[in-house]
Amino acid sequence: MRPRHKTVIFLGDGMADEPLPQLGNRTPLQAARIPGMDSIARAGRSGTLLTLPADFPTSSEVANMSVLGCDLATEYCGRGPLEALARGIALSPLDKAFRLNLTSVKDGVLTDYSGGHVTQADAEALIAALNKALGSTSVKFYSGVSYRNILVLSGTEYSHRVKTDKPDDNHGSRVADHPPQAAAPEAEATARLLQRLIAEAPAILESHPVNKRLAKEGQPPANGIWPWSGGTGGAMRSIASKYGITGAVITAVDVIRGLGRSLGMEIIEVPGATGYIDTNYEGKAAAAIKALRSHDLVYVHLEAIDEVSHAKDLALKIKAIEDFDARIITPVLKAAGPVINAAVLPDHPGPIALGKHTRTPVPVSVRMAGVDPDGVQAYSELDAPRGALGAMQNGDFMQLLFG
């Protein structure tokens, strides 16, 4: 068995893309200056990883569970419970948790899945208003991070077996064309409740002082809600039980915090980590360097790249990729030295042309102590498939690192 080395995984959310004519048929990764990522590819081995298998949502919780070696067939629980766990919301066996986006809606059309990236203070005020007007002992709204909030339904009359579409897949669509729908007879009442909340929320939000102020400032309103990805608390096997390792997670978003907690990993909070392009890159790098002293695995997740991918902002995507490389990956590699194993990959593609996730396998490069490189010289969607790691899936990636 190969001696185990400390490992850092650099996860650029939504980083993979497709060749673009405006980049001379290169991808953003190929166009960006990424010496840190390229160094991992040159010193290591490359391949691809299928993170969004068929029959599961094209959502980040599925993708990151795949990266971290979860068995989706038995451990997938939906996004809502993971985000509730991250917020310290205790779920009883009768509770069903849904992710709840604050959105921007105009004339019934979804114009922004993030409510204009509503600020934390504004989001908390709006969620409090929803709780006061629509909440009850069995219907509760909880604040999360910016537009990413949580709805918990309690009682035997509710079910998580509701089909919901992803808001970030449906920009420009009429909200009424994407109602929550029962996926089982016992979920009919839940679907009707969610539809009612969606219909009644705009009147409450539009009359709120927060949105009146945003209108005066010419900013997008956070005047709608979109509940999705419901589930109940589940049981995931910890990385300690699977691989005999300890781990830490560095992220700004609740879904990854909740996933880390479910896997028994330490959650390291970084002041100024926002989940957007203004995040505290240097703080994340410093936290990763420190965490490697006490943990076998450090999972450094960057959300910003996915956010600008959904916005179809090519210039910001390239900038976010370069910032990830220059301000997190390069300093961590320099401080950790060559004895630390290092891997870089996205959780899923986020093509600029589409503004939403796809199921295309993602490029992976892994540098492992004592393992000869395979000759791949750069990290990209076109270079990685030529590497020695081949086409990985299921738990192959974590088995490669810790099997």
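Up top is the structure.
Being a predicted model, the structure only gives us computed values, none of them experimental.

Draft legend 1. Geometry of empty space enclosed by the protein. Applying the stated criterion across every chain yields a total of two cavities of 30 Å³ or more. Considering only enclosed or pocket space, the largest cavity measures out at about 100 Å³ in volume. Looking at the largest cavity, it is lined by 16 residues, and the ones nearest its centre are Arg79, Tyr147, Asp168, Glu303 and Asp306. Of all the secondary-structure elements, those providing two or more residues to the lining of the largest cavity are β3 (95-106) and α12 (304-310). Examining the composition of the lining of the largest cavity, we find that three residues originate from one element, α12, more than from any other. For the lining of the largest cavity, the per-class residue count stands at five nonpolar, four polar and seven charged. For the second largest cavity, the calculated volume is near 50 Å³. Taken together, Thr164, Asp165, Val175, His178, Pro180, Ile198, Ile225, Trp226 and Pro227 make up the full set of residues lining the second largest cavity. Of the residues forming the lining of the second largest cavity, the biggest block, three residues, is contributed by strand β9 (residues 224-231). Each residue belonging to the lining of the second largest cavity can be placed in one class, and the counts come to six nonpolar, two polar and one charged.

Draft legend 2. Broad picture of the sheet that holds strand β13 (residues 341-345). Pairing within the open sheet is mixed, and its eight strands lie in the order β11-β10-β12-β1-β13-β14-β2-β15. Taken across any chain shown, the strands that pair with only one partner, and hence form the sheet edges, are β11 (266-268) and β15 (390-392). Going from strand to strand, the sheet's axes swing by 25 degrees on average, the running direction of each strand aside. Relative to strand β12 (residues 297-302), strand β10 (residues 247-250) runs parallel, the two sharing four bridges. Bridging across to β12, valine 249 finds its partner in tyrosine 299. Against the sheet, helix α11 (residues 281-291) contacts β10, β11 and β12, and its axis sits at roughly 170 degrees relative to β12. The strands that helix α13 (residues 314-336) touches are β1 (7-12), β12, β13 and β14 (362-367); relative to β1, the one it contacts most, it runs at about 175 degrees.

Draft legend 3. Quick look at the packing of helix α6 (residues 120-134) against helix α8 (residues 209-216). For the pair α6 and α8, the least separation of the axes is 9 Å and the interaxial angle reads 140 degrees. The angle between α6 and α8 falls in the class oblique. Between α6 and α8, the residues in contact are Asp122, Ala125 and Leu126 and Val210, Asn211, Arg213 and Leu214, respectively. Per-class residue counts for the contact of α6 with α8 are four nonpolar, one polar and two charged.

Draft legend 4. The layout of surface pockets, seen in detail. Its volume calculated, the largest pocket comes out at about 390 Å³. Lining the largest pocket we find 18 residues, and of these Pro57, Tyr76, Val162, Lys163 and Thr164 sit closest to its centre. Of all the secondary structure elements, the ones that give two or more residues to the lining of the largest pocket are β7 (162-163) and β9. Residue composition of the lining of the largest pocket, grouped by class: six nonpolar, six polar and six charged. For the second largest pocket, the lining is made up of 14 residues, of which Val118, Gln120, Val145, Ser146 and Thr274 are closest to its centre. A per-class count over the lining of the second largest pocket returns four nonpolar, seven polar and three charged.

Draft legend 5. Spotlight on the packing of aromatic side chains. Enumeration over the complete set of coordinates arrives at four aromatic pairs. Here the aromatic rings of tyrosine 243 and phenylalanine 402 are separated by 6.4 Å at their centres, their planes lie at 45 degrees, and the arrangement is tilted. In this pair, tyrosine 243 is assigned in helix α9 (residues 239-243) and phenylalanine 402 in helix α14 (residues 396-402), connecting sequence segments 159 residues apart. The burial state of tyrosine 243 is the same as that of phenylalanine 402; both residues are buried.

Draft legend 6. A look at the pairing of β10. A two-sided burial pattern is seen for β10, the buried positions comprising Gly247 and Val249 on one face and Ala248 and Ile250 on the other. Read as a crossover between parallel neighbours, the route from β10 over helix α10 (residues 254-262) to β11 is right-handed.

Draft legend 7. A look at unusual backbone geometry. Backbone geometry at asparagine 25 places phi at a positive 65 degrees, although glycine is not the residue there. As for its placement among the helices and strands, asparagine 25 is situated in the loop between β1 and α1 (28-31). Overall, the relative accessible area of 54% leaves asparagine 25 in the exposed class. For lysine 312, which is not glycine, the phi torsion reads 60 degrees and is therefore positive. Within the secondary structure, lysine 312 sits in the loop between α12 and α13.

Draft legend 8. Highlighting the side chain of serine 59. Relative to the helices and strands, serine 59 is located in the loop between β2 (45-49) and α3 (60-67). For serine 59, a relative accessible area of 1% corresponds to the buried category. Setting aside chain neighbours within four positions, we find serine 59 in contact with Leu52, Arg79, Lys166, Trp228 and His357.

Here is what the cut-offs are and how they apply
Residues numbered from 1 in each chain as written. Predicted model: local features only at pLDDT ≥ 70, side-chain atom pairs only at ≥ 80, totals over all residues. Heavy atoms only, no water. 1 Å grid on protein atoms, 1.4 Å probe; cavity = no way out; pocket = protein on both sides within 12 Å on 5 of 7 lines; lining within 4 Å. Points joined across faces, edges and corners; volume = space filled by probe spheres on them. Helix = DSSP H or I, 4+ residues; strand = E, 2+ residues; numbered from the N terminus. Nonpolar A, V, L, I, M, F, W, Y, C, P; charged D, E, K, R; others polar. Pairing = 2+ DSSP bridges. Axes fitted to C-alpha atoms, helices over the stretch in contact; angles between N-to-C directions. Contact = heavy atoms within 4.5 Å. Parallel < 35°, antiparallel > 145°, perpendicular 65-115°, else oblique. Phe/Tyr/Trp six-rings, centres within 6.5 Å; stacked < 30°, edge-to-face > 60°. Buried < 20%, exposed > 50% of the residue type's maximum accessible area, 1.4 Å probe, protein only. Right-handed = clockwise from strand over helix to strand, strands pointing away.

Without other data, these values stay purely geometric and don't point to any function.
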